Amino acid sequence: MLRRWHLAVLALLAVTALACEGGAGAADPEPTRNRTTAPTAGATGYPASMAALGDSITAGVGSCLAYLACSRNSWAAGDGGDVDSHYRRILAMNSKIKGHVHNFAEPGAEADALAGQAARAVDAKVSYVTVLIGANDACAGSAGGMTSVAKFRDEVDRGLARLKKGLPKARILVVSVPDLYRLWQVGRDDDEVVRVWNSRGICPSMLADPRSTADSAERRRRAVRDRIDAYDGELRAACEAYGSRCRWDDGAVHDVRFSIGLLNTFDFFHPNLKGQNELADVTFPGTFDW
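Along each chain, residue indices are assigned from 1 in the same order as the chain's sequence is written. Residue-level local features of this predicted model are given only where pLDDT is at least 70; pairs of side-chain atoms are given and counted only at 80 or more, and the full residue set underlies all totals for whole chains, interfaces and linings. Side-chain descriptors were evaluated using all non-hydrogen atoms of the structure, hydrogens and water having been removed beforehand.

Draft legend 1. Region of interest: the pairing of strand 3 (residues 128-132). Most of strand 3 sits inside the fold, with five of its five residues counted as buried. Burial along strand 3 is two-sided: the residues Tyr-128, Thr-130 and Leu-132 and Val-129 and Val-131 are all buried. Relative to strand 4 (residues 171-174), strand 3 is paired through four bridges, and the arrangement is parallel. Looking at strand 4, one finds that Val-129 is bridged to Ile-172. Burial classes follow relative accessibility: with a 1.4 Å probe on protein chains only, a residue under 20% of its type's maximum area counts as buried, one over 50% as exposed, and anything between as partly exposed. In this text, helices come from DSSP runs of H or I with a minimum length of four residues, and strands from runs of E with a minimum of two, each type numbered from the N-terminal end. We treat two strands as partners when DSSP finds at least two bridges between them.

Below, the structure is given as structure tokens:
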């Protein structure tokens, strides 16, 4: 969920991430065959290829042993042995998906990055796409710097339109934005959490001065909370407008009751491995009959 002003640091660390993960942080965690011949859904109805779009949550930032992207632990596309991701759950039901998984999520991505990621999913010719976007649009330097609701919807529509045009038969899962107000509530009384938030400057629109009881601080936090609620409303509406091939998570991610135990200790913001598994649990469709 890092803003673009963190991207330079993350880019510098990318090489280290590859060494740390043995290449698992790359977009394609397993070798794939020619993308022009990628398989379509198998007879079971479970997809035989997939792509994950979004930001640092889906990129798995902080879910390994370093503060880096760690796609092997992604709730959506992770192929690591410790995460029960969508990919691994589908693999258990349809072996044709093996190696045909792509994680195009980018740390720092906002809604305006969605169309570009969607284009990569189209090029990969996948049959299932997950979308988790919006936290960075809310995590601005101030409440006034958040992406407007109208612009957010425009960018989401643009990304989904790219998927619909290029992958008309693919199943699309759009999930809600995490409840950052809840995150502030559970972390504000923990000395170590507050120290890390302050030292790293994590999501200042919500988490700056986390112990302040001033009216201005509470108004700022409520503004972020309300903006995320509005984003979720637009995500739901955009998915409905997409048609029968899009499924909304019905607010499942937003409703996760975050605890400190679901967060990594590098920033107490991104999900740790346990948190990634929780996201997989609440979002996995179970069936692919849409």
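From this point, the narrative continues.
Draft legend 2. Expanded view of the nonpolar core. Each nonpolar core is a collection of buried residues, namely Ala, Val, Leu, Ile, Met, Phe, Trp, Tyr and Cys, held together in the definition by side-chain atoms within 4.5 Å. Counting residues in hydrophobic clusters, the biggest one holds 55 residues, and the most contacted among them are Leu-53, Ala-121, Val-129, Leu-163, Ile-172, Val-174 and Leu-207. Examining the composition of this core, we find that seven residues originate from one element, helix 10 (residues 215-242), more than from any other. Whether two residues are in contact is decided by their heavy atoms: any pair within 4.5 Å suffices. Residues contacting Leu-53, with those up to four places away along its chain left out, are Thr-58, Phe-104, Ala-105, Leu-114, Gln-117, Ala-118, Ala-121, Val-129, Thr-130, Val-131, Leu-132 and Leu-163. Ranked by size, the runner-up nonpolar core spans 23 residues in total, among them Tyr-46, Leu-173, Val-256 and Phe-288.

Draft legend 3. Focus on the pattern of salt bridges. Salt bridge, as applied in this entry: a Lys or Arg side-chain nitrogen positioned within 4 Å of an Asp or Glu carboxyl oxygen. On inspection of all chains with the given rule, the structure shows 13 salt bridges. A salt bridge links Arg-89 to Asp-84; the shortest N-O distance between them is 3.5 Å. Arg-89 gets classed as buried once you look at its relative accessible area, which sits at 17%. The class for Asp-84 is partly exposed, based on a relative accessible area of 36%. Here Arg-195 and Glu-192 are joined by a salt bridge, their closest N and O atoms 2.7 Å apart. One end of the pair, Arg-195, and the other, Glu-192, are both in helix 8 (residues 191-200), three residues apart, so they sit about a helical turn from each other.

Draft legend 4. Examining the packing of helix 4 (residues 114-124) against helix 6 (residues 149-166) more closely. Axes here mean lines fitted to C-alpha atoms, for a helix over just the part in contact, with angles spanning 0 to 180 degrees between N-to-C directions. Remark: helix 4 packs on helix 6, axes separated minimally by 8 Å, with the N-to-C direction vectors making an angle of 10 degrees. By the angle between their directions, the pair helix 4 and helix 6 is classed as roughly parallel. Between helix 4 and helix 6 lies a crossing whose hand is right-handed. Seen from helix 4, the contacting residues are Leu-114, Ala-115, Ala-118, Ala-119, Ala-121 and Val-122; seen from helix 6, they are Glu-155, Val-156, Arg-158, Gly-159, Arg-162, Leu-163 and Gly-166. Nonpolar residues are Ala, Val, Leu, Ile, Met, Phe, Trp, Tyr, Cys and Pro. Charged residues are Asp, Glu, Lys and Arg, and all others, Gly as well, are polar. In the contact of helix 4 with helix 6, the residues fall into eight nonpolar, two polar and three charged. If an angle is under 35 degrees, it is roughly parallel; if it is over 145, roughly antiparallel; if it lies from 65 to 115, roughly perpendicular; otherwise it is oblique. Rotating anticlockwise by less than a right angle from the far helix to the near helix defines a left-handed crossing, while the corresponding clockwise rotation defines a right-handed one.

Draft legend 5. Just the state of the cysteines, in detail. Two cysteine sulfur atoms form a disulfide, by the criterion used here, when they sit within 2.5 Å. Per the stated rule, a full pass over the model turns up three disulfides. Shown here is the disulfide that connects Cys-139 with Cys-203, its sulfur atoms set 2.0 Å apart. One quick way to see it: the torsion about the S-S bond of Cys-139 and Cys-203 is about -90 degrees, and its sign makes the bridge left-handed. Separated by 64 residues along the polypeptide, Cys-139 in the loop between helix 5 (135-138) and helix 6 and Cys-203 in the loop between helix 8 and helix 9 (204-207) bring together distant segments of the chain. Residue class for Cys-203 comes out buried when judged on its relative accessible area of 5%. The disulfide bridge from Cys-239 ends at Cys-246, spanning 2.1 Å between sulfur atoms. Classification of the bridge connecting Cys-239 and Cys-246 rests on its S-S torsion, roughly -120 degrees, and on that basis the disulfide is left-handed. Note on Cys-239: relative accessible area 2%, which makes it buried. What makes Cys-246 buried here is its relative accessible area of 11%.

Draft legend 6. Highlighting helix 11 (residues 273-283). Taken residue by residue, helix 11 has Gly-275, Gln-276, Asn-277, Leu-279, Ala-280 and Thr-283 as its buried positions. At its buried positions, helix 11 is contacted by helix 2 (56-59), helix 3 (86-93) and strand 4. One side-chain oxygen of the residue at the start of helix 11 lies 3.1 Å from the amide nitrogen of Lys-274, identifying that residue as Asn-272. Polar contact is defined as a pair of N or O atoms within 3.5 Å, subject to the rule that within protein one atom must be able to donate a hydrogen and the other to accept it, and that residues adjacent in sequence are counted only when both atoms are side-chain atoms.

Draft legend 7. Broad picture of the packing of aromatic side chains. A pair of aromatic rings is counted whenever rings of Phe, Tyr or Trp (Trp by its six-membered ring) have centres within 6.5 Å, and the orientation is called stacked for planes under 30 degrees apart, edge-to-face for over 60 and tilted otherwise. Across all of its chains, the model carries eight aromatic pairs by this definition. Ring geometry for Tyr-128 and Trp-290: centres 6.5 Å apart, planes at 80 degrees, overall edge-to-face. Here Trp-290 lies in the segment after helix 11 and Tyr-128 lies in strand 3, a separation of 162 residues in the sequence. Judged by its relative accessible area of 12%, Trp-290 is buried. Feature note: the residues Tyr-46, Tyr-128, Phe-284, Phe-288 and Trp-290 constitute an aromatic cluster, connected by ring pairs. Working rule: Lys NZ or Arg CZ, within 6 Å of ring centre, within 35 degrees of ring normal, means a charge sits over the ring. In this structure, Arg-188 is placed above the aromatic ring of Trp-184, and the distance from its NZ or CZ to the ring centre is 4.5 Å.

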